[in-house]
Amino acid sequence: MTIRVVVADDQELVRSGFAMILDFQEDIEVVAEVGDGAAAVEAVARLAPDVALLDIRMPVLDGIEACRAISARGACRTVMLTTFDSDAYVYEALHAGASGFLLKDVRRDDLVHAVRVVAAGESLLAPSVARRLIEEYTAATARPAARELSAHRLEVLTARERETLLHLGRGLSNAEIAAALTVSEHTVKSHVGNVLAKLGLRDRIQAVICAYETGLIAAGATAPAGVSGTRDSPSGE
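The shown structure was predicted, so the numbers you read here are calculated from the model rather than taken from an experiment. One numbering rule holds for all chains: residues counted from 1, following each sequence as written. Where totals are concerned, whole chains, interfaces and linings use all residues; where local detail is concerned, this predicted model gives features only for residues with pLDDT of at least 70, and gives and counts side-chain atom pairs only at 80 or more. Hydrogens and water are ignored here; the side-chain numbers use all heavy atoms of the structure.

K.L.:
Explain the packing of helix 9 (residues 174–181) against helix 10 (residues 185–199) residue by residue, including any values.
P.N.:
In this analysis, axes come from line fits to C-alpha atoms, helices being fitted only over the stretch in contact, and the angle between any two N-to-C directions falls in the range 0 to 180 degrees. Helix and strand assignments come from DSSP, with helices taken as H or I runs of at least 4 residues and strands as E runs of at least 2, each series counted from the N terminus. Running from N to C, helix 9 and helix 10 cross one another at 105°; their axes reach a closest spacing of 9 Å. On the basis of their axis angle, the class for helix 9 and helix 10 is roughly perpendicular. Contacts between helix 9 and helix 10 pair Asn174, Ala175, Ile177 and Ala178 from the former with Glu185, Val188, Lys189 and Val192 from the latter. Residue polarity follows a fixed list, in which Ala, Val, Leu, Ile, Met, Phe, Trp, Tyr, Cys and Pro are nonpolar, Asp, Glu, Lys and Arg are charged, and the others, Gly among them, are polar. Its residues assigned to classes, the contact of helix 9 with helix 10 shows five nonpolar, one polar and two charged. Oblique is the label for any angle not under 35 degrees, not over 145, and not in the 65 to 115 range, which are roughly parallel, roughly antiparallel and roughly perpendicular in turn. Whether two residues are in contact is decided by their heavy atoms, any of which lying within 4.5 Å being enough.

K.L.:
If you had to explain the nonpolar core to someone new, which residues and values would you point to?
P.N.:
What makes a nonpolar core is a set of buried Ala, Val, Leu, Ile, Met, Phe, Trp, Tyr and Cys residues whose side-chain atoms join them at distances within 4.5 Å. Categorising residues by exposure relies on relative accessible area from a 1.4 Å probe, with only protein chains included: less than 20% of the type maximum marks a residue as buried, more than 50% marks it as exposed, and the intermediate range marks it as partly exposed. Ranked by internal contacts, the top residues of the largest apolar core, which has 26 residues, are Leu54, Ile70 and Met80. Contributions of two or more residues to this core are made by strand 1 (3–8), strand 2 (28–34), helix 2 (37–47), strand 3 (51–55), helix 3 (63–73), helix 4 (90–95) and helix 11 (204–213). Val7, Leu53, Val115 and Val118 belong to the second largest nonpolar core, which has 22 residues in total.

K.L.:
Describe the confidence of the model for the protein chain, and please don't skip the residues or the numbers.
P.N.:
Residues of the protein chain with pLDDT of at least 70 account for 77%, and the chain-wide mean is 81. Overall, residues 219–237 carries pLDDT values under 50, and its contacts beyond four positions in sequence, including any with other chains, amount to 56 contacts. Every residue gets a pLDDT, meaning the predictor's confidence in that residue, from 0 to 100.

K.L.:
Which residues make up the pattern of salt bridges, and what values go with them?
P.N.:
It is possible for side chains of opposite charge to pair when their charged atoms get near one another. What makes a salt bridge here is a side-chain nitrogen of Lys or Arg within 4 Å of a carboxyl oxygen of Asp or Glu, nothing more. On inspection of all chains with the given rule, the structure shows eight salt bridges. Its salt-bridge partner being Lys104, residue Asp55 comes within 3.3 Å of it at the nearest N-O pair. One end of the pair, Asp55, is in strand 3; the other, Lys104, is in the loop between strand 5 (100–103) and helix 5 (108–119), with 49 residues separating them in the sequence. You'll find Asp55 and Lys104 in the same group, each marked buried. Glu163 is the partner of Arg160 in a salt bridge, and the nearest nitrogen-oxygen pair spans 2.9 Å. In this pair, Arg160 and Glu163 are both assigned in helix 8 (residues 159–169), three residues apart and thus about one turn of the helix distant. Assessed through its relative accessible area of 30%, Arg160 is described here as partly exposed. Connected through shared salt-bridge partners, Asp9, Asp55 and Lys104 make up one network.

K.L.:
Outline helix 9, supporting the account with residue identities and numerical values.
P.N.:
Burial in helix 9 covers these residues: Asn174, Ile177, Ala178 and Leu181. Along the axis of helix 9, the buried positions cluster into a sector of 105°, meaning they face one direction only. Where helix 9 is buried, its residues contact helix 8, helix 10 and helix 11. After helix 9 finishes, the residue Thr182 shows a positive phi value of roughly 55°. Note that the arc is computed from the directions linking the helix axis to the C-beta atoms.

K.L.:
Residue-level account of unusual backbone geometry, with values.
P.N.:
The backbone phi angle of Ala48 is positive, close to 50°, even though this residue is not glycine. Looking at the element boundaries, Ala48 is found in the loop between helix 2 and strand 3. The backbone of Thr182 shows a phi angle near 55°, a positive value even though the residue is not glycine. Looking at the secondary structure, you find Thr182 in the loop between helix 9 and helix 10. Since its relative accessible area comes to 70%, Thr182 is described here as exposed.

If you want it as structure tokens, here you go:
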């Protein structure tokens, strides 16, 4: 199946470069290149692509608002792009519905991988972006009272589901979690699905955030090398 992509960036050379890299892949087709967020929303509505690659800072409508509009309309998933790993909009973009977040200096192979991962219903963060996101969440929940209140969320989980969330927070894949728990990947998928459903989390990115926010992983611990994995649907399929 061909993955259809819209690329939105106000810098023509960047936009064309990303489009050329993606279009070169046999399983990816760039169906539109646009220079602002409003045009991206229109292109997605008109062409129904699988993935929208959005610069976070664009004229007319910024990437966050474009992401929010696209996420509200349907099945197209979004990957946000930024020049800076310290971008203050990371948190907001993910809550707007972004499924991935990459820096613009991403390697060619990693860009292609990100599009494929997100198109498959998964989630992905650049390592430095994951660290930034975790820093923001842990700073917001640094007070003991706030952390204690947040930790109550985990009471709905079984002991094995808490272990699964811990490993998700450390950035482990399903295969790595299966090895750590000495169970099958199918069982891990079931645990991941249960964790997401019980905690009301959209995907593995939010699971990472939750692991830090609730204190399951201590603030200041090593951030995950990246966040990606198998399907994030509540069923774990």
